[in-house]
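Reading the structure
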Amino acid sequence: MKKLLPFLLLLAGACSRVEAPAPVGPLPDARQIAWQKLETYAFVHYGLNTFNDMEWGYGNTPASTFAPTDLDCDQWVRTLKAAGMKGVMLTAKHHDGFCLWPSAYTEYSVKNSPWRDGKGDMVRDLSDACRRHGLRFGIYLSPWDRNHAAYGSEEYVTYFHNQMRELLTNYGPLFEYWFDGANGGDGWYGGADETRSIDARSYYRYEDARRTINELQPEAVIFGGTCADIRWIGNEEGWAGQTNWSFVKGAGDQDVNDFTHGERDGDTWLPGEVDVSIRPGWFYHPREDAQLKSLSQLVDIYYHSVGRNANLLLNFPVDRSGRIAPADSARIMEWRRTLDAEFAHELLAEADVEADNVRGGARRFAPGRTTDGDWESYWATDDGVTAATLTIRFDAPRHVNRILLQEYIPLGQRVARFAVEWLDGSEWRPVETDEELTTIGYKRIIRFSGVETPALRVRFEEARGPLCICNVEAYDAPVLLEEPRIVRNGEGSVSLIAGDRGAEIRYTLDGSEPNAGSMRYEAPFPLPGKGEVRAIVLDPQNGRTSAVATRRFDIPCGAFRVRELADTERAKLFDGNPATAAYLPEGRMSCTFDTGAERTFTGFTYTPDAGRWGSGVVTRYRLQVDGETVAEGEFSNIVNNPVEQVVEFAPRRGRTLRFEALAIASGKAPGIAEFSVLTE
Ligand code: FUL
């Protein structure tokens, strides 16, 4: 009878029309649903900042400095399309007020630049390129304008609305319209050179803007302002909350309490968008050429945005020539290939799916609807049933490490807590994951440690209404074969770090090439003296390995005393982490290390603060051993490429070292992220 029950239920369901579950509000509109399905699209920040090494131009940088030598929007769009981006958004005007199109309302635009003798129009070039290649196009128009003389008065608001109309009417269909949240402050303002503040809620007349956008661009969702369709995710680092509701209380930026997680008791559908740059800055800076996000960081960003019910807006700081820099293109293609490999073979197409509750026993709400490839069909439970289990049985045991779940959001977002389990013999065990299993929404992807199993199940434990699950997929993603990072702290403890939790790390300490048979890394190990660590990442499933990472270490420096720095600051110099930097007290240009014992020194290394806001980069140095100068010179190109600098000198015996900055690139005091010595 137990076996017959689902069949009888289905039969009963087939005979009578079972109603779909009632919607559980708030609900998305058609525009928001279409937008959500885009999932990943690109941002391009371009403008005067690109040419003047700035992030926020003041509004007084001459238009004549805008001079791309080889601008090619087709190159961007080809690259972005190949990387799987569904659209491109352009900063038509950033806070400096400079317009990338020849606006009829200002002289501060491309028409007064040398680019194409003032006859160019980048908004036109990019929108045309997008159309040619089948990508959607979107506009960023900064409400704050540090150039405009009338900013702060009614006259500017009229100007702003006029510009909006130009962009909404002259460049074809838009999928998204961005109002930035940075508003008011100091600026050039036509020469007034002062600070102006406005009330962002009322000043820009966002209600009127919304009417105009809806009328002229019915498909465009609005970001920012007081009448938004989508919301900022609350950070620019590339992650949404693990719990991420697509609704909030009230509408528009000013009302949102929790951008990152949404609000479970919200009354307005306002889904999250994760905006993040592939480099530290939004605009191009030569010094960031060596600071592209790594492949594993970018893969994490995908899982922490699209995999957490948010869309991903990934920024490319196009360079001064007018192209996406080669390293950025190569990295994003690596990213695409990696994700394609992770989602290459869907396992549920060859599995049976059962559920312990099916709405009215109806076939149209059967659990198989979650694997039929049709987003519009879904498995649903009876009214009042907000907890149920979906069980997936493979035809033979499978290795699996990803599960992807989607709710049918036209009826609302419901799931608040769930568990994913695998069958181990006769026992169900929870999968091992770092993710909190709470909300699902449009899409949730869970990465977990791989298991070999004949069956998986999802126990939905809590929901805001009956379940409506339209899609479930499972994958066996290969290990990300990125070289591991090798880090030693001041005490001489070495950590090996892989970008993928499914990876094994193998290493050697004798200079030999590591392979699948080398020592397996389990936990940090001591390397108290000189040594060389070589390491690889291994995919235990197929024996494939990454390239070899190699690091040579001299003596650990954690015990060195530094007269000028307090202990907590001093530790930052030797912790193996270039992201933590110490600054010398203002007015001091040198520091002295007491190394504790007499030794023969042969060199030193210096790593500057390479963080986004890093300063105090030492460009000229002097090093003394026990008061005698042993090396003096320049760290060439360190501003553009702020990586570890190695200086060798003739062997010199001594105990104290004095490192002196003869010049720093910016800031008030020298910054040191890492310092170490070379000894005989
Ligand atoms: C921020 C702006 O201030 C940044 O410059 C950048 O445009 C980013 C996307 O949004 O709020």
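Remember, it's a predicted structure, so these values are computed and weren't measured experimentally. (Residues numbered from 1 in each chain as written. Predicted model: local features only at pLDDT ≥ 70, side-chain atom pairs only at ≥ 80, totals over all residues. Heavy atoms only, no water.)

Some points on the overall build of the protein
Condition: Under the DSSP-based scheme used, a helix requires at least four consecutive residues in state H or I and a strand at least two consecutive residues in state E, with every element numbered from the N terminus. Burial here depends on accessible area, computed with a 1.4 Å probe over protein chains only, as a share of the maximum for the residue type. Under 20% is buried, over 50% is exposed, and the range in between is partly exposed. The contact criterion used throughout is that any non-hydrogen atoms of two residues lie within 4.5 Å. Working definition of accessibility: Shrake-Rupley area with a 1.4 Å probe, residue cover restricted to the visible protein chains.
Within the protein, the regular secondary structure consists of eleven helices and 34 strands. Projecting the C-alpha coordinates of the protein onto the three principal axes gives extents of approximately 95 × 70 × 40 Å. Split into buried and exposed, the 680 residues of the protein put 57% on the buried side. Within the protein, contacts between residues separated by at least 24 positions form 73% of all contacts whose residues are at least 6 apart in sequence. When the accessible surface of the protein is summed, it comes to about 26,900 Å², and 48% of that surface belongs to carbon and sulfur atoms.

Things to note about the site of the ligand
What counts here: The nearness test applies per residue and asks whether one of its heavy atoms lies within 4 Å of the molecule or strand. Any N or O atom pair separated by 3.5 Å or less is treated as a polar contact, with the protein-specific requirement of one donor-capable and one acceptor-capable atom, and with residues adjacent in sequence counted only for side-chain atom pairs. Residue polarity is assigned by list, with Asp, Glu, Lys and Arg as charged and Ala, Val, Leu, Ile, Met, Phe, Trp, Tyr, Cys and Pro as nonpolar; anything else, Gly included, falls into the polar class.
The local shell around the ligand consists of Phe-43, His-45, Trp-56, His-94, His-95, Tyr-140, Trp-178, Asp-180, Ala-182, Glu-236, Asp-275 and Trp-282. Contact between the ligand and His-45: an oxygen atom at 2.7 Å from a side-chain N or O atom of the residue. Protein burial of the ligand: of its 300 Å² of free accessible surface, 90% is covered by the chains. Class assignment of the residues belonging to the shell around the ligand gives a composition of six nonpolar, three polar and three charged.

Here's the deal with the sheet that holds strand 1 (residues 40–44)
By way of backbone hydrogen bonds, the strands of a sheet pair with one another, either parallel or antiparallel. So the rule is basically this: Two strands are said to pair when DSSP picks up at least two bridges between them.
With respect to topology, eight strands assemble into an open sheet ordered 7-4-3-2-1-12-11-8, the strand pairing being parallel. Edge positions in the sheet fall to strand 7 (221–223) and strand 8 (231–232), since each of these pairs with one other strand and no more.

Some words on the domain arrangement of the protein
Here is the rule: Where each domain starts and ends comes from a domain assignment, either automatic or drawn from a database. Computed with a 1.4 Å rolling probe, the buried area is the accessible surface lost when two parts are put together, summed over both parts. Every case where a carboxyl oxygen of Asp or Glu lies within 4 Å of a side-chain nitrogen of Lys or Arg is listed as a salt bridge.
Assigned domains of the protein: these are domain 1 (30–341), domain 2 (352–475), domain 3 (485–553) and domain 4 (561–679). The centre of domain 1, based on its C-alpha atoms, is set 36 Å off from the matching centre of domain 2. Contacts between the two partners involve 21 residues from domain 1, matched on the other side by 24 residues from domain 2. A buried area of about 1,900 Å², summed over both sides, lies between domain 1 and domain 2, and 49% of it is on carbon and sulfur atoms. Summed over the shared surface of domain 1 and domain 2, the result is four salt bridges. Close ionic contact of Arg-264 with Glu-462 constitutes a salt bridge, the shortest N to O distance being 2.9 Å. At the surface where domain 1 touches domain 2, the tally comes to 16 residue pairs in polar contact (both at pLDDT 80 or more). Residue assignment for the side of domain 1 that touches domain 2 shows that the elements contributing at least two residues are helix 2 (30–36) and helix 9 (295–305). At five residues, the largest contribution of residues to the side of domain 1 that touches domain 2 is made by helix 9. The residue inventory of the side of domain 1 that touches domain 2, partitioned by class, reads eight nonpolar, eight polar and five charged.

A word on helix 5 (residues 122–133)
The criterion, for reference: An expected span of 1.5 Å times one less than the residue number is assigned to each helix.
Given a rise of 1.5 Å per residue, twelve residues ought to cover 16 Å, and the 16 Å separating the end C-alpha atoms of helix 5 matches this to within 8%. Of the residues that open helix 5, the one with a side-chain oxygen 3.0 Å from the backbone nitrogen of Val-123 is Asp-121. Phi turns positive, to about 75 degrees, at Gly-134, one or two residues after helix 5.

Overview of the pairing of strand 30 (residues 618–625)
Of all eight residues in strand 30, six are buried; the element is thus mostly enclosed. Where strand 30 and strand 32 (residues 645–664) come together, seven bridges link them in antiparallel fashion. Counted as the bridge partner of Val-618 is Ile-664 from strand 32. Bridge count for strand 30 against strand 31 (residues 628–634) is six bridges, and the pairing is antiparallel. Pairing of Gln-624 across the sheet is with Thr-629, part of strand 31.

Side note on the sheet that holds strand 24 (residues 525–526)
Within the open sheet, the three strands sit side by side as 20-21-24. Their pairing is antiparallel. At either end of the open sheet lies a strand with only one pairing partner, and these are strand 20 (485–488) and strand 24. As paired elements, strand 20 and strand 21 (residues 493–497) share four bridges and run antiparallel to each other. The partner of Arg-488 across the bridge, within strand 21, is Val-494.

Structural notes on the packing of helix 6 (residues 154–170) against helix 8 (residues 206–216)
Heads up, the rule is: A fitted line through C-alpha atoms represents every axis, and for helices the fit uses only the stretch in contact; the resulting angles, taken between N-to-C directions, go from 0 to 180 degrees. Note that the term roughly parallel is reserved for angles under 35 degrees, roughly antiparallel for angles over 145, roughly perpendicular for angles of 65 to 115, and oblique for everything else. Definitions for this section: a left-handed crossing has its near helix turned counterclockwise from the far helix by less than a right angle. A right-handed crossing has that turn clockwise.
Across the interface, helix 6 lies against helix 8 with an axial gap of 10 Å and an inter-helix angle of 15 degrees. Looking at the two axes, helix 6 sits roughly parallel to helix 8. The crossing of helix 6 and helix 8 is right-handed. Counting all contacts with helix 6, which are made through His-161, Met-164, Arg-165, Leu-168 and Thr-169, the residues of helix 8 involved are Asp-208, Ala-209, Thr-212, Ile-213 and Leu-216.

Some thoughts on the environment of Ala-341
Structurally, Ala-341 can be placed in helix 10 (residues 326–342). Classification of Ala-341 as partly exposed rests on a relative accessible area of 34%. The spacing of Ala-341 and Val-479 is 138 residues in sequence and 9.7 Å in space, taken between C-alpha atoms.

Focus: the packing of helix 4 (residues 73–82) against helix 10
Packing of helix 4 against helix 10 brings their axes to within 9 Å, and their N-to-C directions diverge by 25 degrees. On the basis of the axis angle, helix 4 is roughly parallel to helix 10. Where helix 4 approaches helix 10, its residues Gln-75, Thr-79 and Ala-82 are matched on the opposing element by Ser-329, Ile-332, Met-333 and Arg-336. Across the contact of helix 4 with helix 10, the residue classes break down as three nonpolar, three polar and one charged.

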